[in-house]
Structures are given as C-alpha cells and as structure tokens.
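Geometric and topological summary
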Amino acid sequence: MQPRNMSMSGVVDLAAVKAAAEAKAKADQARAEAARHGGAPASPVALVTEVTEATFENDVLQRSAEVPVVVHFWTDRADASVQLQETLERLAGSYAGRVVVAKIDVYANQLLVQQFGVQGIPAVFAVLAGQAMPLFQGAAPEEQIREVLDQLVAVAEQRFGITGVPVEEGAEAPVAEERPPTPREIALSAAHDALDRGDLGGAIQAYRNVLSDDPANAEAKLGLAQAELLRRVEGVDGQAVRKAAADAPADVAAQLAVADLDLVGGHVEDAFGRLVDTVRRTAGEDRDTARLRLLELFEVIGADDPRVAAARAALARVLF
C-alpha cells in the first residue's frame, strides 16, 4: 500500500483547533523559559527510540509536544519491517531533530497494537501534540515516505508551532540542501498563518486563491473547510442554538448549526449522526442542503478517519 497523502486530517479532530492552540502555547512557553535561563537548549534526544507500553507515555505522548513522533509498528521477524525501519532511521537523520522515530515491537506490545487499530505490519503512524494519525501501511519507496514526512513537519510547524528538538551527539546525519519554497507553498503558508491568527476571512480568501490555481490541493481544501466552519460558529450562542434545534427538529438550518458546534467541540459522531438524520427526514432542497453540509464536515475530519467512513455508509443507506 502506498503512503496516504498527509492532509491535516488527523491533526484536526476539531478538538484539534483547541489542541493546536494548547500545543503552540506550550512550545512558546518552553522557548520563553529557555530564554530566561540564558537560552539553554532542551535536553538532546535520540532520533530513534524503542518504545514499550511502559515508556509510551513519556517517549511518545509527552515528546510529541516538542517534535513529531513517527511510530513504526514492526517486527524483526519480517524483512519488510526491517527494511522500512532502516529507511525511517536514515530519513530521521536527514531531518536533524525535526522528526523522531519510535519503533514498537508488535508481538511484545499488543495493547498498543489494539489501541492504534493496527491491521497489518509494517504500519506507520504519527503522534503530534498528543494526537495520533495514520501515515501508511506496508512497504513504500523512500521518496514517497520523505514526501509524507515533509508534510508532517510542515503541519507541526505551521499548525502547532512545533519545530523539533536537539539530537544526541553523533545522531545527526547530513541535512539535505534546502530549496526555496514554491509560490504555492508560500500561498499555503500565508493561508495557514491567517488561520492561526484568527483572521478567518483572510484565511478563507487565501485558501480559495490556492484552490483557484490547484483545485485538487488537499491541504487547501482542508484549510478552507476548517476556516469556513470556524467562521460559522464564531460568536454563536451555543445554548440558544441547541434550544432552537430541539424546539424545531424540522428546521434544517438549526440542525446544521448544532452539527457545526458539535464538530468544533470534538463530538464528531454526534455531528455526523445529526446530519444523517436530517437527510433522512427531509426531501428536495432541504435534503440537499443537509447532505452538502455533511460532505463539508467530512472534509474537515479527513477521508481516512473511520468515523467519516461510517458516516458515509450511513448517508448512503438513507439516500438509496
């Protein structure tokens, strides 16, 4: 299986909007603390760590607030796992502390295997600011893995303010020569910056500008969906919106408004379920309005999320 494109999907559980702010604040606080102590750097870490259930909290979850952690579920009994691990270690060296690798033996850590929902090995995930997301499963060419890691590093820096950690002496490999950003990358970065500043109108326009030149750009589609969602809930009286929806179950606009609030609050299944029910109960233009809003919210969460797959199946059942 080829690596899945790294959208911001996993990072956006839309509690991710809150999580991003918290992680960014934590990173900023750590940098400020270091500056107060004469700019002392954080303790260096290893680029590759063997992680167990006992060390997962410290070596993966806590560390992911400082650097993206690439989690490789593997076994040394399988050639594909061994080869992929060698590739990940080589790539980690080239990123010089902007990503680290945690390798987890699937036979010795069955609880972690179950918690991540690993379906086969080798399987690679990322943990960023305490949030896990699937990257890819199976063997993949090194160039494609590097593309996925490039996007992971960009998401970490742009959305969370996470720029990496110093590495242990001797662990660094030569860093590849940096290339100047392309006009599209500059435009995307400007859109992300606007979203981070809370300039929702500016972010929406910037993402639309990117999509006008590159209609298939998944990162811009996701950013636009996020910005539009956040603008819809900006300044909304949640209690009043929920009361209106409860008092008028047939009011499609009221149901859509509550679904938006649920998604931003991290209640993804509730948001999807409400809209599927609205599609089921309505017809004509009202049904189409609810269906299109549900598809927009799918964009926010990302196609790879199992909750999106389940909601798509439920939508298909009520439509057909």
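With respect to the pairing of strand β3 (residues 100-105)
Where burial is concerned, most of β3 is hidden: five out of the six residues are buried. In this structure, strand β1 (residues 48-50) lies alongside β3, joined through three bridges in parallel fashion. Bridge pairing in β3 links E50 to K103. Where strand β2 (residues 69-74) lies against β3, six bridges are found, and the strand directions are parallel. Across the sheet, residue V71 finds its bridge partner in β3, namely A102. The β-α-β motif built from β2, the intervening helix α3 (residues 79-95) and the parallel element β3 has right-handed crossover chirality.

Thoughts on the packing of aromatic side chains
What characterises a pair of aromatic rings is the spacing of the ring centres plus the angle enclosed by the ring planes. Applying the stated criterion to the full structure yields five aromatic pairs. When the ring of F73 is compared with that of F125, the centres are 5.8 Å apart and the planes differ by 80°; the resulting orientation is edge-to-face. With a gap of 52 residues between them, F73 in strand β2 and F125 in strand β4 (residues 123-128) connect regions that are remote in the sequence. Take F125: its relative accessible area is 10%, and that puts it in the buried class. Here the aromatic residues F56, F73, F116 and F125 are joined through ring pairs into a cluster of three or more.

A few points about the sheet that holds strand β5 (residues 131-137)
Reading across the sheet, the five strands line up as β1-β3-β2-β4-β5 and stay open at both edges, with mixed pairing between neighbours. Only two strands of the sheet have a single partner each, and these edge strands are β1 and β5. Each strand of the sheet is rotated relative to its neighbour by a mean of 25°, with strand direction disregarded. Where helix α5 (residues 142-160) meets the sheet, it contacts β2, β4 and β5, and its direction lies at approximately 15° from that of β4.

Re the pairing of β5
By the bridge criterion, six bridges tie β4 to β5 in an arrangement that is antiparallel. By the bridge assignment for β5, V127 is matched with A132.

Some words on the nonpolar core
L263, F272, L294, L297 and I301 are the most contacted members of the largest nonpolar core, which totals 28 residues. Every element with two or more residues in this core is listed here: α8 (218-233), α9 (238-247), α10 (252-264), α11 (268-281), α12 (284-301) and α13 (306-319). Residue contributions to this core peak at seven residues, all from α10. One finds V70, L128, L135 and A156 within the second-largest nonpolar core, a separate group that totals 26 residues.

Some thoughts on α10
Side chains three or four residues apart in an α-helix point the same way, a direct result of the helix having 3.6 residues per turn. Under the 1.5 Å per step criterion, the end-to-end length of α10 is 19 Å for 13 residues, consistent within 8% with the ideal 18 Å. Among the 13 residues of α10, 10 are classified as buried, and the element is accordingly described as predominantly covered. Looking only at α10, the buried set comprises V252, A254, Q255, L256, V258, A259, D260, L261, D262 and L263. Where α10 is buried, its residues contact α8, α9, α11 and α12. Of the residues trailing α10, G266 is marked for its positive phi of about 90°.

Rules of the game
- Residues numbered from 1 in each chain as written.
- Predicted model: local features only at pLDDT ≥ 70, side-chain atom pairs only at ≥ 80, totals over all residues.
- Heavy atoms only, no water.
- Buried < 20%, exposed > 50% of the residue type's maximum accessible area, 1.4 Å probe, protein only.
- Helix = DSSP H or I, 4+ residues; strand = E, 2+ residues; numbered from the N terminus.
- Pairing = 2+ DSSP bridges.
- Right-handed = clockwise from strand over helix to strand, strands pointing away.
- Phe/Tyr/Trp six-rings, centres within 6.5 Å; stacked < 30°, edge-to-face > 60°.
- Axes fitted to C-alpha atoms, helices over the stretch in contact; angles between N-to-C directions.
- Contact = heavy atoms within 4.5 Å.
- Core = buried A, V, L, I, M, F, W, Y, C linked by side-chain atoms within 4.5 Å.
- Expected span 1.5 Å × (residues − 1).

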